[in-house]
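Inside the fold
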Amino acid sequence: MGGPHGGPFLLFHVLCFLLTLSEVGSQNSKACALWCPPNSSCVNGTACRCAPGFISFSGEIFTNPLESCDDINECGPPSPVDCGSSADCQNTEGGYYCTCSPGYEPVSGPAVFQNESENTCRDKDECSSGEHRCHNSTICVNTVGSYTCHCHQGWVPKPGFQDKQMITICEEISFPAWMAPPGIKSQRLSAFFERVQEMSRDFKPATAKKSMQDLIGSVDDLLKNSGDLESLGQSSKHVTATHLLSGLEEILRTLARAIPKGSFTYRSDDDTELSLVVQEQGKGNVTVGQSHARILLDWAVAAAAGESGPSVVGILSSLNMKKLLANASLKLDLEKLKETYESPVRGAKVTLLSAVSSVFLSNPNTEKLDSNVSFAFTLHEQPELKPRQELICAFWKNDGNGNGSWATSGCWRMGSGNGSVTCQCSHLSSFAILMAHYDVEDPKLALITKVGLALSLACLLLCILTFLLVRPIQGSRTTVHLHLCICLFVGSAIFLAGIENEGGEVGTRCRLVAVLLHYCFLAAFCWMSLEGVELYFLVVRVFQGQGLRKLWLCLIGYGVPLIIVGISAGAYSKGYGREKFCWLNFEGGFLWSFVGPVTFIVLGNAIIFVITVWKLTQKFSEINPDIKKLKKVRVLTITAIAQLFVLGCTWVFGLLLFDPESWVLSYIFSILNCLQGFFLFVLYCLLNKKVREEYRKWACMVAGNRYSEFATTTSASGSSHNQTQALRPSESGM
């Protein structure tokens, strides 16, 4: 066994064993493919390796049979792939490739590449190549990597679309509809709007500038040759002005979008100016100027919400618009003015010093702007400011019912100089510079007037009751005194209740109050003149005759003022009522419808009283004068002269009451006006012995006392009454 053949035999067996082990290992390697997942290969009996472009949770090689090989996203971050700025990386199963981004095309070489070094991309002009999808109502505009669709010049996006989008659809700009304001009857205004309708039918976007010029010319012609517009009431004029301003703003805003970008200025023969700036949206300040006004604003506020096209800023300044806005009311911050002047302020009389400038933007919602707007207005009149006067920045405010008025809320004056005024506002509208004269109420004067008139009314009422109930003094002169007090009572009551025109607008109520005051006070003076006539019959005609009958007294006392007021109202009804007071208007000499008759009556009575005094002097110088009767006539004359003096002086000062500068005269008038009733009560009641006896009798009856001389007093009163009637019915017993 251990012979020479033993060694080789042992070596043979070792080789066979190793070969067997090798075959067993080979069989184990083939078995690993049974559990390695897809996209992987065996490493050995316990490990697998993921294919290129894939990876497992454990990495490239893994030993866990539950793991899988997932695709590596070479295009996702962090990505080592660099396709270039104008190319996109596209991931694939186990790999990737690069292509040019949409809107770009390769300069040369294949469309698919692995990195930027293999190819570059450039912008593709879709508009030139015809690859765009713009609607035929738009123009294709190429952009870097894309394109947009723009509306043609004079076209705007349809509702629901925006400009400069790939799906934009546009329509041609049309002339906005503009009709005459309802309720305003004017041939001139109707002819103007017929002309506007013709312009609307003939409008073409290419002629937008000419259309704006023609429109401004038509407005100038309407305001310059206003015709029957002048006969409209103030309220109708303000409605027309509001309608014109809002309509012009809307039409000019629309037509401005049809003109090329840039600046446009037009000045008419009547000095109406239009200035426009049209440019792309943006930020930063922009200035629009002309000879009447200049405006500085942030361009960002000009664009309307959701609008992508060019923005518009415009100013239309008109001097002729003053005609329609004359005498318009002004709404003030009364609390602030009350603190300034330390007294209530009821209103202001305004004077327009600049052109009316309407400012409009593409953005129609300008009630509250994100940033304030600055204005500089040129003054066409250089005023000399007096006490209670100032320059204010005002705007025309639509009240929502078609009418409007001046207002100051949201606007304030920054300064003035060199013939201009600078303002700032937080909103936009139609602006102007006004000179306001404030009507500052004097609380002391108001208290004196109200308390004094109340006292006067009480005294006049006592006079009326006395003249009606006290029989011993009945006669023609008592009739005159009764109706004089009635006229003064009614006039004073109306004066106390309705003299102030709080709204500032001369309406039907204010005109009616002015008419009634005119009539009542004229009637009072007419009845006063009748007392002079009674004295004439008593003295000049040497105590003969009974004077005028009661019917003729009433016809003259009430009929003459009725004729004067009727003629005045028929000739010029607008003469009744003023902005602050419901009284006669000073313009056009209309006040003479009151001053004239009053002057005639006062002078006539004065002449009668001079003749009466002269006649009385002659009577006293006779040999056997009737002293008793002459003394009574003298007393009547003196009382009539005193009455004329009080009433005449009161209305001499009263004519100056409505001058806001006449504070002293206003106090004098108020005091005298309040004393009228008290004076008449003292003169005709308290100083009259018969009236005092009647008052004493009434007082005793109220107190429940009965004097023994009651019958005697009654008898004496009746006897005196009969004697009075026999002597002269007009004697008052004074």
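Residues numbered from 1 in each chain as written. Predicted model: local features only at pLDDT ≥ 70, side-chain atom pairs only at ≥ 80, totals over all residues. Heavy atoms only, no water.

**Thoughts on the nonpolar core**
With 53 residues, the main nonpolar core has Trp178, Leu274, Leu276 and Trp406 as its most contacted residues. Leu276 has contacts with Met212, Ala256, Ile259, Gly262, Ser263, Phe264, Val312, Val313, Gly314 and Phe360, leaving out every residue within four places of it along the chain. (Core = buried A, V, L, I, M, F, W, Y, C linked by side-chain atoms within 4.5 Å. Buried < 20%, exposed > 50% of the residue type's maximum accessible area, 1.4 Å probe, protein only. Contact = heavy atoms within 4.5 Å.)

**Some points on the sheet that holds strand S1 (residues 40-42)**
Read from one edge of the open sheet, 3 strands run S1-S2-S4, paired in antiparallel fashion. Strands with a single pairing partner mark the edges of an open sheet, and in this sheet they are S1 and strand S4 (61-62). Two strands pair when backbone bridges link them, and strand S2 (residues 48-50) and S4 are joined in this way by 2 bridges, in the antiparallel orientation. Looking at the pairing, Arg49 lines up with Ile61 of S4. (Pairing = 2+ DSSP bridges. Helix = DSSP H or I, 4+ residues; strand = E, 2+ residues; numbered from the N terminus.)

**Re the packing of helix H3 (residues 187-202) against helix H4 (residues 208-224)**
If you want to describe how two helices pack, look at the angle between their axes and the distance between the axes. Closest axis-to-axis distance for the H3/H4 pair is 10 Å, and the angle between their directions is 175°. By the angle between their directions, the pair H3 and H4 is classed as roughly antiparallel. Only Ser211, Asp214, Leu215, Ser218, Val219, Asp221 and Leu222 of H4 make contact with H3, whose side of the interface consists of Arg188, Leu189, Phe192, Arg195, Val196 and Met199. (Axes fitted to C-alpha atoms, helices over the stretch in contact; angles between N-to-C directions. Parallel < 35°, antiparallel > 145°, perpendicular 65-115°, else oblique.)

**Describing the state of the cysteines**
According to the stated counting rule, one finds 11 disulfides in the structure shown. Put simply, Cys36 and Cys48 are joined by a disulfide, and their sulfur atoms are 1.6 Å apart. Its S-S torsion of approximately -80° makes the covalent link between Cys36 and Cys48 left-handed. Placement of the pair is Cys36 in the loop between helix H1 (6-31) and S1 and Cys48 in strand S2, with a sequence separation of 12 residues. Judged by relative accessible area, Cys48 falls into the buried class, the value being 0%. The partner cysteine of Cys50 in its disulfide is Cys69, sulfur to sulfur 2.0 Å. Across the S-S bond linking Cys50 and Cys69, the dihedral sits near -85°, which makes this disulfide left-handed. Separated by 19 residues along the polypeptide, Cys50 in strand S2 and Cys69 in the loop between S4 and strand S5 (70-71) bring together distant segments of the chain. By the burial criterion, Cys50 is buried, and Cys69 matches it. Here Cys463 stays unpaired: no disulfide links it, and the sulfur of Cys685, its closest cysteine neighbor, is 4.0 Å away. (Disulfide = S-S within 2.5 Å.)

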